[in-house]
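If you want the building blocks of each chain, they are given just below.
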Amino acid sequence: MDESTLMNTPRSAAAAPAADDPILSVRGLRKSFGSIEVLRGIDLDLTRGEVLAIIGPSGSGKSTLIRCLNMMEVPDSGELRLRGRPVARGFRSRNGSIGVGELRRHVGMVFQHFNLFPHKTVLENVIEGPVVVLKRPRAEAEAVAMDLLARVGLDAKRDAYPNHLSGGQKQRVAIARALAMQPDVLLLDEVTSALDPELVGEVLTVVRALAEEGMTMAIVTHEIAFAADVADRAVFIDRGVIAADGTPDAVLHNPEGERLRAFLARFHA
Ligand SMILES: Nc1ncnc2c1ncn2[C@@H]1O[C@H](COP(=O)(O)OP(=O)(O)OP(=O)(O)O)[C@@H](O)[C@H]1O
Ligand SMILES: [Mg+2]
């Protein structure tokens, strides 16, 4: 696989995540929709190279949490920091704080429903951010995009339109598109949930390769076996709070607490 410039430092002894060096951290995060408080005080750190699995029941606040991590949802209160710099409400960075525009360049997101531009080809989708946002020359952006498309096994589809692709292929394009921005952190929200079962594996293979290359990721998933295998750490979100936080082995295989046990039992049915 091409070891180009796009990933974080590969996982190794020298690059092991340092607990005191969070890339992304939140403290006291709260978010309500109307009268419903969906996030009720979340504290979370994501360290360099860490793969964090986020699990929890439907409606527990998982998507809201990761959308807050790149300010697609604006928290009501609490603090978000990227590499120690507080994230400001406004778009622009100023006075040591980081604006939403810069935050989103460093924190990429992949969604359940791909969200590709339907009127653009695969290649155009992948170069859009680098050309429009990062102002990269088109030829350079295309070269990087073709590397990424090769990595996700879709270089032959460069000129295809999204509606001519399978769900698994669309999702792999969406991952390549997010990586084209060279993010420090990638957020994945149930990226396999909309896929036919036979297409899940090809997307998980791509995510696993990213994990092995040391990409820092927060992954909301119902694929418990995958989470156990790929994640360094797992958190269980329940009714807007982190109800369990630990190694995948502790959280997923030796769960404490009735609600976590009941949640996991559904996957063994
Ligand atoms: N934009 C919104 N406006 C109003 N309510 C919302 C909005 N987004 C989320 N909610 C509500 O917030 C709660 C948490 O939603 P969220 O999408 O974060 O849950 P989730 O854990 O991701 O669930 P799922 O596993 O089904 O994806 C739900 O009750 C949901 O209806
Ligand atoms: Mg969700």
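Residues numbered from 1 in each chain as written. Chains lettered and ligands numbered in written order. Predicted model: local features only at pLDDT ≥ 70, side-chain atom pairs only at ≥ 80, totals over all residues. Heavy atoms only, no water.

A. Layout of the overall build of the chain. Secondary structure assignment for the chain yields nine helices and ten strands. Its C-alpha radius of gyration of 18 Å places the chain within 12% of the 18 Å reference for a compact globule of 269 residues. Taken over the C-alpha atoms alone, the chain extends approximately 55 × 50 × 45 Å along its principal axes. Every one of the 269 residues in the chain was classed for burial, and the buried ones make up 51%. Sequence-distant contacts in the chain: of pairs separated by 6 or more residues, those separated by 24 or more amount to 66%. One finds the centroid of the 32 positive side-chain charges in the chain at a distance of 7 Å from the centroid of its 35 negative side-chain charges. (Helix = DSSP H or I, 4+ residues; strand = E, 2+ residues; numbered from the N terminus. Rg over C-alpha atoms; globule rule 2.2 N^0.38 Å. Buried < 20%, exposed > 50% of the residue type's maximum accessible area, 1.4 Å probe, protein only. Contact = heavy atoms within 4.5 Å. Lys, Arg positive; Asp, Glu negative; His and termini not counted. Charge placed at Lys NZ, Arg CZ, Asp CG, Glu CD.)

B. Main features of the site of ligand 1. Phe33, Val38, Pro57, Ser58, Gly59, Ser60, Gly61, Lys62, Ser63, Thr64, Glu190 and His222 make up every residue found near ligand 1. With respect to ligand 1, the backbone of serine 60 contributes an N or O atom lying 3.2 Å from an oxygen atom. The protein chains hide 59% of the 640 Å² of surface that ligand 1 would expose on its own. Top contributing element to the shell around ligand 1 by residue count: helix H1 (residues 62-69), with three residues. Among the residues forming the shell around ligand 1, the class breakdown is three nonpolar, seven polar and two charged. (Near = heavy atom within 4 Å. Polar contact = N/O pair within 3.5 Å; in protein donor to acceptor, adjacent residues only side chain to side chain. Areas by Shrake-Rupley, 256 points an atom, 1.4 Å probe, with all protein chains shown as cover. Nonpolar A, V, L, I, M, F, W, Y, C, P; charged D, E, K, R; others polar.)

C. Representation of the packing of aromatic side chains in the model. For the coordinates displayed, the defined rule picks out two aromatic pairs. Ring plane angle 35 degrees and centroid distance 5.5 Å describe the contact between phenylalanine 236 and phenylalanine 263, whose orientation is recorded as tilted. One end of the pair, phenylalanine 236, is in strand E9 (residues 233-238); the other, phenylalanine 263, is in helix H9 (residues 258-265), and 27 residues separate them in sequence. In this structure phenylalanine 263 comes out as buried when scored by relative accessible area, which is 1%. When the centroid spacing of 5.1 Å and the interplanar angle of 70 degrees are considered together, the rings of phenylalanine 263 and phenylalanine 267 count as edge-to-face. Aromatic rings pair up to connect Phe236, Phe263 and Phe267 into one cluster. Against the face of phenylalanine 117 rests arginine 177, its NZ or CZ located 5.4 Å from the ring centre. (Phe/Tyr/Trp six-rings, centres within 6.5 Å; stacked < 30°, edge-to-face > 60°. Lys NZ or Arg CZ within 6 Å of the ring centre and 35° of its normal.)

D. Spotlight on the sheet that holds strand E1 (residues 22-33). Read from one edge to the other, the open sheet built from four strands follows the order E2-E1-E4-E5, with strand pairing classed as antiparallel. If you trace the sheet from one side to the other, it starts and ends with strand E2 (36-47) and strand E5 (85-86), each paired once. Sheet topology note: the E1/E2 ladder contains nine bridges and is antiparallel. Paired with proline 22 across the strands is threonine 47, a residue of E2. (Pairing = 2+ DSSP bridges.)

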